[in-house]
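Spelled out from the first residue to the last, the chains are:
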Amino acid sequence: SGSDRNTFSGIAISTTGSGEGIIVDDGENNIFDCRSGSINGTNASETYGVYFADRNNSLLNCNIRNFHASVFLDTSADESTLVNNTINTTHSEGYGISMQNGVSEPKGNYIVDNYVYSQQGRALYLDESVNNSFENNIFVSGSSYAAFLSDSSHDNNYTLNEFRTTDRKSVV
C-alpha cells in the first residue's frame, strides 16, 4: 500500500539543515527524471539524496550532491535503475552509491552511465548486494576506495567501468 506507478520530471530540490532529497520507503515502479535538475544537500550526517527501499524505481538524469549517502538502495530496492546521473558527496564519511542492509540483499539493479564522486568516502559501497549490473560508470574517490565490496556481495556484473582514487586501492 505504497506510492506506486508515479512519474516525476524536471526535479530540483535544495534541502536545509539535515533535510533529505527523494525518499521512497514504500512504493514501486516510480520514475524520477530530473532532466538535468539538481538535488542538493548540506553534507549533514545520516542524510540521503535519494533513498529507495522498494523495488523497480528509476532515477534518471539527476545531479545529486552533498549528502552523507547521495544514493542509497536499501534492502528491498530490487530491480531499480540509475541512469545518466552525476552523484557527488563531500561528506567526511560519504558514499556516492551505497547498496546494503541485506537480509534480503538488494539485487537485480541496473546502474549505467553515471559519474560518481566521493571526496573523502567511498564512491561505490556494496554490502550483501548481489546480481546487479554496472555499465559504463566512472567511480572516483579522493581519499578512500573508488569501490568497496564487502560481506557477501557477489555475482555482480561490471562492464566498461572506470575506478579511480588518489589515496588507496581502487577496488577492494
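The structure presented is a predicted model; accordingly, all values stated were derived computationally and were not measured.

So, how was this worked out
- Residues numbered from 1 in each chain as written.
- Predicted model: local features only at pLDDT ≥ 70, side-chain atom pairs only at ≥ 80, totals over all residues.
- Heavy atoms only, no water.
- Pairing = 2+ DSSP bridges.
- Helix = DSSP H or I, 4+ residues; strand = E, 2+ residues; numbered from the N terminus.
- Axes fitted to C-alpha atoms, helices over the stretch in contact; angles between N-to-C directions.
- Salt bridge = Lys/Arg side-chain N within 4 Å of Asp/Glu carboxyl O.
- Buried < 20%, exposed > 50% of the residue type's maximum accessible area, 1.4 Å probe, protein only.
- Disulfide = S-S within 2.5 Å.

Undergrad: Would you explain the sheet that holds strand β12 (residues 95-99) in this entry?
TA: The strands making up a sheet are joined through hydrogen bonds of the backbone, oriented either antiparallel or parallel. Spatially, the 6 strands line up as an open sheet ordered β3-β6-β9-β12-β15-β18, and their pairing is parallel. Both outer strands of the open sheet, β3 (22-24) and β18 (147-150), are each paired with one neighbouring strand and no more. Across the sheet, the mean angle from the axis of one strand to that of its neighbour is 10°, orientation sign disregarded. Across 4 bridges, strand β9 (residues 69-73) lies against β12 in parallel orientation. Across the sheet, the residue bridging to V71 is I97, located in β12.

Undergrad: What should I look at first to understand the pattern of salt bridges in this one?
TA: Note on pairing: side chains with opposite charge can pair once their charged atoms come close. Applying the stated criterion across every chain, the model contains 3 salt bridges. Close ionic contact of E162 with R164 constitutes a salt bridge, the shortest N to O distance being 2.4 Å. Classification of R164 by relative accessible area gives partly exposed; the value is 36%.

Undergrad: Teacher, can you tell me more about the state of the cysteines here?
TA: What we call a disulfide is simply a covalent bond connecting the sulfur atoms of a pair of cysteines. Tallied over the entire structure, the rule returns 1 disulfide. For C34, the disulfide goes to C62, at an S-S distance of 2.0 Å. On the sign convention where negative means left-handed, the S-S torsion of about 80° between C34 and C62 marks this disulfide as right-handed. Of this pair, C34 sits in the loop between β4 (31-33) and β5 (38-40) while C62 sits in the loop between β7 (58-60) and β8 (63-65), placing them 28 residues apart in sequence. According to the relative accessible area criterion, C34 is buried, its value standing at 1%. Relative accessible area serves as the criterion here: at 1%, C62 is assigned to the buried category.

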